[in-house]
Amino acid sequence: MTLKKHFIILFSIFLGFTLDNLITPFTNPYFIELSLGFMIFSYWVFAIPEKLHSFEALIYGAFIDLFFGEAVGFHMIFFTLTSYITHVYVFRFRIFSYFQLAIFFSGATTFFIASKYLIFFPANYSYLLLILSFIVNSIIWIGVYFVMRSYRRKFL
Amino acid sequence: MARTTPTYTPIGKYAAGVILSGLLLFSDINYGTFSPIRGLLKSSVIYSKLAAGKLVERAQVSIALFQNNKNLILINDQLRERILKMEASLFLDRQLRAVDNNLVNLSNHLNDLKGGYTAQIFEIADFDLKNYQCCSFHNLYLKKPEEITVNKHSPVASDKAFVGQTLRVDLDIIKVILFSDINHVLPVKSKDLYCNARGTGEPLFISCRMELNNSRYIQLGDIIYTSGLGGIFPKDSPIGVISSIKNIGSSENEILIKLDSNPLDQTFFGIISKQ
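The rules behind the values
- Residues numbered from 1 in each chain as written.
- Chains lettered and ligands numbered in written order.
- Predicted model: local features only at pLDDT ≥ 70, side-chain atom pairs only at ≥ 80, totals over all residues.
- Heavy atoms only, no water.
- Helix = DSSP H or I, 4+ residues; strand = E, 2+ residues; numbered from the N terminus.
- Contact = heavy atoms within 4.5 Å.
- Salt bridge = Lys/Arg side-chain N within 4 Å of Asp/Glu carboxyl O.
- Buried < 20%, exposed > 50% of the residue type's maximum accessible area, 1.4 Å probe, protein only.
- pLDDT = per-residue confidence, 0-100.
- Buried area = accessible area lost by both parts, 1.4 Å probe.
- Polar contact = N/O pair within 3.5 Å; in protein donor to acceptor, adjacent residues only side chain to side chain.
- Nonpolar A, V, L, I, M, F, W, Y, C, P; charged D, E, K, R; others polar.
- Domains from an automatic or database assignment.
- Axes fitted to C-alpha atoms, helices over the stretch in contact; angles between N-to-C directions.
- Parallel < 35°, antiparallel > 145°, perpendicular 65-115°, else oblique.
- Core = buried A, V, L, I, M, F, W, Y, C linked by side-chain atoms within 4.5 Å.
- Pairing = 2+ DSSP bridges.
- Left-handed = near helix turned anticlockwise from the far one by under 90°.
- Phe/Tyr/Trp six-rings, centres within 6.5 Å; stacked < 30°, edge-to-face > 60°.
- Lys NZ or Arg CZ within 6 Å of the ring centre and 35° of its normal.

1. Comments concerning the environment of A:Phe41
Residues and elements named next belong to chain A.
Okay, step 1: Looking at the secondary structure, you find Phe 41 in helix 2 (residues 36-47).
Okay, step 2: Separated by 89 residues in sequence, Phe 41 and Leu 130 have C-alpha atoms that sit 20 Å apart.
Okay, step 3: In this view, Phe 41 contacts Ile 13, Ala 57, Tyr 60, Phe 79 and Thr 82; residues no more than four positions away in its chain are not counted.

2. Thoughts on the pattern of salt bridges
Residue and element names in this part refer to chain B.
Okay, step 1: Under the defined criterion, the tally for this structure stands at nine salt bridges over all chains.
Okay, step 2: The salt bridge involving Lys 49 is made with Asp 126; its shortest N-O contact spans 3.4 Å. A residue pair is termed long-range when its members are at least 10 positions apart, and Lys 49 in helix 2 (residues 35-66) and Asp 126 in strand 1 (residues 117-127) qualify at 77 residues.
Okay, step 3: Here Lys 144 makes a salt bridge to Asp 172, at a shortest N to O gap of 3.3 Å. Of the two residues, Lys 144 sits in the loop between strand 2 (139-143) and strand 3 (155-157) while Asp 172 sits in the loop between strand 4 (162-170) and strand 5 (173-178), which places them 28 residues apart along the sequence.
Okay, step 4: Lys 144 sits in the buried class, given a relative accessible area of 12%.
Okay, step 5: In the salt-bridge network here, residues are joined through shared partners; they are Lys 42, Lys 49 and Asp 126.

3. Topic: the confidence of the model for chain B
All names here are of chain B.
Okay, step 1: Across chain B, the average pLDDT comes to 82, with 89% of residues at or above 70.
Okay, step 2: This stretch, residues 109-115, has a pLDDT under 50; its non-local contacts, to residues over four places away or in other chains, come to five contacts.
Okay, step 3: What the predictor reports for the complex is a pTM of 0.74 with an ipTM of 0.89.

4. Some points on the interface of chain B and chain A
Okay, step 1: Listed by partner, the interface residues are 32 residues for chain B and 37 residues for chain A.
Okay, step 2: Interface area, chain B with chain A, both sides summed: about 3,000 Å², of which 71% is carbon and sulfur.
Okay, step 3: In this assembly, chain B and chain A are joined by zero salt bridges.
Okay, step 4: Connecting chain B to chain A are seven residue pairs in polar contact (both at pLDDT 80 or more).
Okay, step 5: Of all the secondary-structure elements, those providing two or more residues to the side of chain B that touches chain A are helix 1 (11-31), helix 2 and helix 4 (129-134) of chain B.
Okay, step 6: Among the elements that make up the side of chain B that touches chain A, the one with the highest residue count is helix 1 of chain B (12 residues).
Okay, step 7: Its residues placed into classes, the side of chain B that touches chain A shows 16 nonpolar, 11 polar and five charged.

5. Looking at the domain arrangement of chain B
Residue and element names in this part refer to chain B.
Okay, step 1: Entries for chain B in the domain assignment read domain 1 (16-114) and domain 2 (121-274).
Okay, step 2: A separation of 16 Å is found between the C-alpha centroids of domain 1 and domain 2.
Okay, step 3: Contacts between the two partners involve 24 residues from domain 1 and, on the opposite side, 24 residues from domain 2.
Okay, step 4: With both chains or domains summed, domain 1 and domain 2 bury close to 2,100 Å², and 67% of this area falls on carbon and sulfur atoms.

6. Side note on the packing of helix 3 (residues 54-68) of chain A against helix 2 of chain B
Okay, step 1: Interaxial distance between helix 3 of chain A and helix 2 of chain B falls to 7 Å at its minimum, and their mutual angle equals 70°. As far as their axial angle goes, helix 2 of chain B and helix 3 of chain A are roughly perpendicular. Contact with helix 3 of chain A, carried on its side by A:Asp65, A:Leu66 and A:Phe67, involves B:Ile37, B:Arg38, B:Leu41 and B:Val45 of helix 2 of chain B and no other residues of that element.

7. Examining the nonpolar core
Okay, step 1: A:Ile13, A:Tyr43, A:Trp44, A:Tyr60, A:Phe79 and A:Trp141 are the most contacted members of the largest nonpolar core, which totals 48 residues.
Okay, step 2: Top element by residues in this core is helix 2 of chain A. It accounts for 10 residues.
Okay, step 3: Ignoring anything within four residues of it in the chain, the contact list for A:Tyr60 reads A:Met1, A:His6, A:Ile9, A:Leu10, A:Ile13, A:Phe41, A:Leu52 and A:Phe79.
Okay, step 4: Formed by 23 residues, the second largest nonpolar core is a distinct cluster that contains B:Phe162, B:Ile206, B:Ile239 and B:Ile255.

8. Considerations on the pairing of strand 6 (residues 185-190) of chain B
Two faces make up the sheet, and in a regular strand the side chains alternate between them.
Okay, step 1: Across the six residues that make up strand 6 of chain B, a large majority, five, are buried.
Okay, step 2: Counting the residues in the hairpin turn of strand 6 of chain B and strand 7 (residues 193-199) of chain B gives two residues.

9. Here we look at the packing of helix 6 (residues 98-120) of chain A against helix 7 (residues 127-155) of chain A
All names here are of chain A.
Okay, step 1: With their axes 8 Å apart at the nearest point, helix 6 and helix 7 run at an angle of 125° to one another. Here helix 7 runs oblique to helix 6, going by the angle between their axes. When the axes of helix 6 and helix 7 are compared, the crossing they make is right-handed. Two secondary-structure elements touch here, helix 6 through Tyr 98, Leu 101, Ala 102, Ile 103, Phe 105, Ser 106, Gly 107, Thr 109, Thr 110, Ile 113, Ala 114 and Tyr 117 and helix 7 through Leu 129, Leu 130, Ser 133, Phe 134, Asn 137, Ser 138, Trp 141, Ile 142, Tyr 145, Phe 146 and Arg 149.

10. Brief notes about unusual backbone geometry
Okay, step 1: The backbone phi angle of A:Phe31 is positive, close to 60°, even though this residue is not glycine.
Okay, step 2: Phi is positive for B:Leu204, close to 75°, though the residue is something other than glycine.
Okay, step 3: Among the secondary structure elements, B:Leu204 is positioned in the loop between strand 7 and strand 8 (205-211).
Okay, step 4: B:Leu204 gets classed as buried once you look at its relative accessible area, which sits at 15%.

11. Quick word on the side chain of A:His6
Okay, step 1: Relative to the helices and strands, A:His6 is located in helix 1 (residues 3-27).
Okay, step 2: Other than its neighbours up to four places away in sequence, A:His6 contacts A:Met1, A:Glu56 and A:Tyr60.

12. Here we look at the packing of aromatic side chains
All names here are of chain A.
Okay, step 1: Taken as a whole, this structure holds 38 aromatic pairs over all chains when the rule is applied.
Okay, step 2: For the ring pair Phe 14 and Phe 68, a centre distance of 5.4 Å and an interplane angle of 70° mean the geometry is edge-to-face. One end of the pair, Phe 14, is in helix 1; the other, Phe 68, is in helix 3, and 54 residues separate them in sequence.
Okay, step 3: The exposure class of Phe 68 is partly exposed, given its relative accessible area of 22%.
Okay, step 4: Sitting above the plane of the Phe 46 ring, Arg 94 keeps its charged end 5.3 Å from the centroid.

Written out as structure tokens, the structure is:
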């Protein structure tokens, strides 16, 4: 894959995390945390698994850690793990319905959010936040899926 | 019949990636290995935001010029900024006088300890609103003119009270840790209370844990002052009031202190530092 395509992918992930930073202060009082950046990364691995492997996940994670993270390594770990699981089950995902995909990727996102709270903000860990975030993220995943699919078809 | 097509995904590289990331995460959390790099990047992002903001501002001024309102808007902005600066400098003057008084008293005994203090006013560059609303890390960033030097661990004040202390300076952006950050500890006192108040991770709240015997004369609404014991903040500066007293366990009380100054309401902050 060319460097330009990597930039296109990284740009979309950056945009996702930037949107997260802008939206989350307004959703947090209602115990909802979006993770658009993580869902966008998950979409890319799901959509083009043959082009995104462990190394790419590691590098993307490092960039996100440096610009948006609380500590270097956190996004690297989760991007690599997500990439691995998606690669292992990539053909099973192909026969999943949108609903099943939404449940899986929202679950992965919720696990990501839960781990972030447990590692960095244990005092603010809340099950209500996780449950509500799971529901909202599963709805948002459908939107992310279609928007990212048209973005991929246009630019990649 | 198998429901999935077998895929070949060698785990070795992924495992190596996870182990490497884990090591980096451990070293960054425990030793802050990458915090200088992150600080630099964060500062560059803030600069880009400020530059974008300036562009928008210029566009707005151009539009206003087109509508013959430019002068009024400018005068209004200047007056508003001047009022905010005056409020901040009044508070700083009060604090400096208190510091000077303390130093004068002290100098009767120890003349050589009387060091000069300076107070400077800085405009806010960025506020980490996401973490402030949801999580335990509460930081704000101030713009520093090139010619001014700011030391680490200097007190930061708004127009009402102290709000935090400086953490680091990257690319002329000063990172400030607020009192409510869970990692911040502030020695405070009241009439019958001396304790180290830790940030709760909730906006505007810090808390003290005390033994029941030591906290029995404390009441809701008592004013809390800085004790000056940490060597960073001048003593006897009011920072908040006791908002609740909770019994935790058989022998301990948690005293919740509501801070007077809300950093979200401020545009300018003052930093007191030794010359």
